Amino acid sequence: MARLVGVIASLREHCPWTAALTHDSLTTYLLEESYEFIEAVETGHTGDMANELGDILLQVVLHSRLAEEDGSFELADVARGLSEKMIRRSPHVFQVDGTLQESFPSTIAEIEETWERVKATERAVTAPSADTTTASASPFDGIPTTLPALSMAQKTVERAERAGMILGENRGNLGESVQTEDELGKMLFDVVRVAQERGLDAERALRTAVRNFQRR
């Protein structure tokens, strides 16, 4: 890692292309590299995974270097903050000082409950003011609005289920007719085909539906 940080620092100093990079200009690459890693996973090309992870790591190191140059933070701060967050959000595994607990939970449900409780506490603590505390308590806080609509929808449903919200009304026989990812994929593709035939934007339609659900 130290060598990698040094390589990037040298590129920033001596390579005009790398020197011209900004946080904004790098965002496109981060998305592309993430999708390429996902493709490697989904297609079973495990030999490509290390290379794709390296490309993602490059984005992390570049952003950290840019921040270090303007005095904001450096890569060590990113790693330190991540370690502290994982310890803080995993009290079922770690004690406050980072040492291991004497016993561990036996079910994933217990772990998810603990994780959500800790995150809710963090959101309350970091709320800008008391006036915004209520809004920050929403189970949908933290879901990026820039996610693709389908990912945003699935994340919203997941959060709603954890919060005990009632879902499933007006689904018709969808639950019975779709049993596998292949069947689901064909159904979703048919929905997009219908949207295209009728001049509708499937991405925008789903994004609007998700936002309306979150507001309700």
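Residues numbered from 1 in each chain as written. Predicted model: local features only at pLDDT ≥ 70, side-chain atom pairs only at ≥ 80, totals over all residues. Heavy atoms only, no water.

**A short note on the nonpolar core**
Line of reasoning, step 1. Formed by Ile8, Leu21, Leu26, Val61, Leu62, Leu66 and Leu75, the largest nonpolar core amounts to seven residues.
Line of reasoning, step 2. Tallying contributions element by element places helix H4 (residues 46-69) first for this core, with three residues.
Line of reasoning, step 3. Sequence-distant contacts of Leu62, defined by excluding residues within four places in its chain, comprise Ile8, Thr18, Leu21 and Leu26.
Line of reasoning, step 4. If you look at the next biggest cluster of nonpolar residues, it comprises six residues, including Ile143, Met152, Ala153 and Val210. (Core = buried A, V, L, I, M, F, W, Y, C linked by side-chain atoms within 4.5 Å. Buried < 20%, exposed > 50% of the residue type's maximum accessible area, 1.4 Å probe, protein only. Helix = DSSP H or I, 4+ residues; strand = E, 2+ residues; numbered from the N terminus. Contact = heavy atoms within 4.5 Å.)

**Observations concerning the packing of aromatic side chains**
Line of reasoning, step 1. Taken as a whole and assessed by the stated rule, the structure comprises two aromatic pairs.
Line of reasoning, step 2. The interplanar angle of 70 degrees and the centroid separation of 6.2 Å between the aromatic rings of Trp17 and Tyr29 together place this pair among those described as edge-to-face. Taken together, the residues span a long stretch of sequence, with Trp17 in helix H2 (residues 16-19) and Tyr29 in helix H3 (residues 23-42) at a distance of twelve residues.
Line of reasoning, step 3. On the accessibility criterion, Trp17 (54% relative accessible area) is exposed.
Line of reasoning, step 4. Residues Phe140 and Phe213 carry aromatic rings whose centres are separated by 5.9 Å and whose planes lie at 65 degrees to one another, so their mutual orientation is edge-to-face. Of this pair, Phe140 sits in the loop between helix H7 (133-136) and helix H8 (149-162) while Phe213 sits in helix H11 (residues 202-215), and the two are 73 residues apart along the sequence. (Phe/Tyr/Trp six-rings, centres within 6.5 Å; stacked < 30°, edge-to-face > 60°.)

**A word on a negative patch on the surface**
Line of reasoning, step 1. Together, Glu32, Glu36, Glu39, Glu42, Asp48 and Glu181 line one region of the surface with negative charge.
Line of reasoning, step 2. Broken down by element, the negative patch gets its largest block of residues, four residues, from H3.
Line of reasoning, step 3. Following the sequence through the fold, Glu36 ends up in helix H3. (Patch = residues over 30% accessible without salt bridge, like charges linked within 9 Å, V, L, I, M, F, W, Y side chains within 5 Å. Areas by Shrake-Rupley, 256 points an atom, 1.4 Å probe, with all protein chains shown as cover. Salt bridge = Lys/Arg side-chain N within 4 Å of Asp/Glu carboxyl O. Lys, Arg positive; Asp, Glu negative; His and termini not counted. Charge placed at Lys NZ, Arg CZ, Asp CG, Glu CD.)

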